[in-house]
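The lines below spell out each chain.
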Amino acid sequence: MDFNDDQWQSWTQLMKLTQGGDKAAYERLLVEMSPVIFNFVRKRVFNQDHVEDVFQEVLLSFHKAKHSYRTDLPFPPWFFAVIRNAVWAALKKNHKIGQLEVPLEDFFDIASLETMEDGIDDRIHQALAALPEMNRQAVELLKLKGMSVETAAKTLGISSAALRVRAHRGYALLKKILKTQVEKNK
Amino acid sequence: MSESIQSNIKSSLPESHRRLVDRLVAENKPTQPAPTVLGQWLVWLVFSLMAIALSLSLIGPQFEILEKLADFSSGGFLALTFLLACFTAWMGIASSMPDYRPHPAPRIVAAILLLFLFSMPFLFFDKDPMAQVLARDMADEWFCPRTVLWVALPTWLMLGWMASRNASFHPKWTGAWLGLSAFLLGAGTIQLHCARWETCHMLVDHLLPMLVLIFLPIWIGGYWFARWRK
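What this report covers is the structure whose coordinates are included nearby. (Residues numbered from 1 in each chain as written. Chains lettered and ligands numbered in written order. Predicted model: local features only at pLDDT ≥ 70, side-chain atom pairs only at ≥ 80, totals over all residues. Heavy atoms only, no water.)

The next point concerns the layout of surface pockets. Residue and element names in this part refer to chain B. Here the second largest pocket is characterised by a volume of approximately 230 Å³. Leu149, Trp150, Ala152, Leu153, Trp156, Gly179, Ala182, Phe183, Leu213, Leu216, Pro217 and Ile220 are the residues that line the second largest pocket. Elements represented by at least two residues in the lining of the second largest pocket include exactly helix 8 (143-164), helix 9 (171-193) and helix 11 (215-224). Take the lining of the second largest pocket: its biggest share by element is 5 residues, from helix 8. Of the residues belonging to the lining of the second largest pocket, the class tally is 11 nonpolar, 1 polar and no charged. (1 Å grid on protein atoms, 1.4 Å probe; cavity = no way out; pocket = protein on both sides within 12 Å on 5 of 7 lines; lining within 4 Å. Points joined across faces, edges and corners; volume = space filled by probe spheres on them. Helix = DSSP H or I, 4+ residues; strand = E, 2+ residues; numbered from the N terminus. Nonpolar A, V, L, I, M, F, W, Y, C, P; charged D, E, K, R; others polar.)

Rendered as structure tokens:
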């Protein structure tokens, strides 16, 4: 896509209409901006698995921050500053989620510490059953059924980012439940 | 861009992106553009002046306030306190805008000025024994720190309400700037009332609440000003 003053003026105009509640203008703006944002994200996110998640986060941030744009000011500096900040925030969030992630193998390590006679599978299934519904679904689809993040997100009808958050909260809870079981049986 | 190109771009987007675009479009409602940083800061300034005026009408200014304002050291201390409150309020509002670009310069300037403000009681005012300060605080039930908090709280809430309507990507920094501003306003207000220009009293009862409690606005800000992204 070629960028020139006309393009930016057109987007500024679309932003004005969007702030006025014009849905058609907003759709046109989002569709036209998407490739630009996607390329911007792709150049800044080294882990290609995260590009789509970050892109969606950025688009959501843009949506929620669009009221702060003043149409009497030039659009490009505001647009790129928001996108840059949104990418940074999304990466930070993904990094935090990554730190919280507990590999499934760890659950077996924890469960193997136990001296109970029943099987590891049973204990994990019991712990899974104790999870809140939305976290349980996310963990089951990703770790037990082995679906990809995108497929699992489609199955549940949510965004990939939302699915990751649900799954990571599920892992953390699962770890806690299994640890409690181990401590009880010591 | 023509309709056909636009439709081509849309069809080339992955299914999840298209669905997200459709959802965002469906959610779009008319919005009022957010006021400028200057506009919000002026609202804060008016509110703060009213808060100071109200506080002073209740507790009264110190007897020799005009002499103190004219004096280099006490006038300088008051001027620096209020100027820093204005500067940190501006930075807090600016940092709550989504297009804010963090830069170390304002942080360094603020840190140097704060350091100087905290060192002023040592440099320019009479030394007083700590035991005496604590004894007086017990006797007057910590009037000065309480007043600092009573002035800081509404101004912080007001600033926080304005900042939460923007869209901060740096919520903890926004919380820190706004917290500093509110505490500095409280410290300045109590200094207009309190005639004890003594090192330990100024540090412990006027400035220490800021150091001890600054973690609160940072912590609350981390949640409050990030809520728009949830």
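The subject of this paragraph is the side chain of Ser73 of chain B. Along the chain, Ser73 of chain B turns up in helix 5 (residues 72-95). There is a polar contact of 2.7 Å between the side chain of Ser73 of chain B and the side chain of Asp71 of chain B. (Polar contact = N/O pair within 3.5 Å; in protein donor to acceptor, adjacent residues only side chain to side chain.)

Residue and element names in this part refer to chain B. Put simply, helix 6 (residues 104-124) and helix 10 (residues 199-213) touch, their axes get as near as 8 Å, and they point 155° apart. One finds that helix 6 runs roughly antiparallel with respect to helix 10. Judged by residue contacts, Leu114, Leu117, Phe118, Pro121 and Phe122 of helix 6 engage Thr199, Met202, Leu203, Leu207, Met210 and Leu211 from helix 10. In the contact of helix 6 with helix 10, the residues fall into 10 nonpolar, 1 polar and no charged. (Axes fitted to C-alpha atoms, helices over the stretch in contact; angles between N-to-C directions. Parallel < 35°, antiparallel > 145°, perpendicular 65-115°, else oblique. Contact = heavy atoms within 4.5 Å.)

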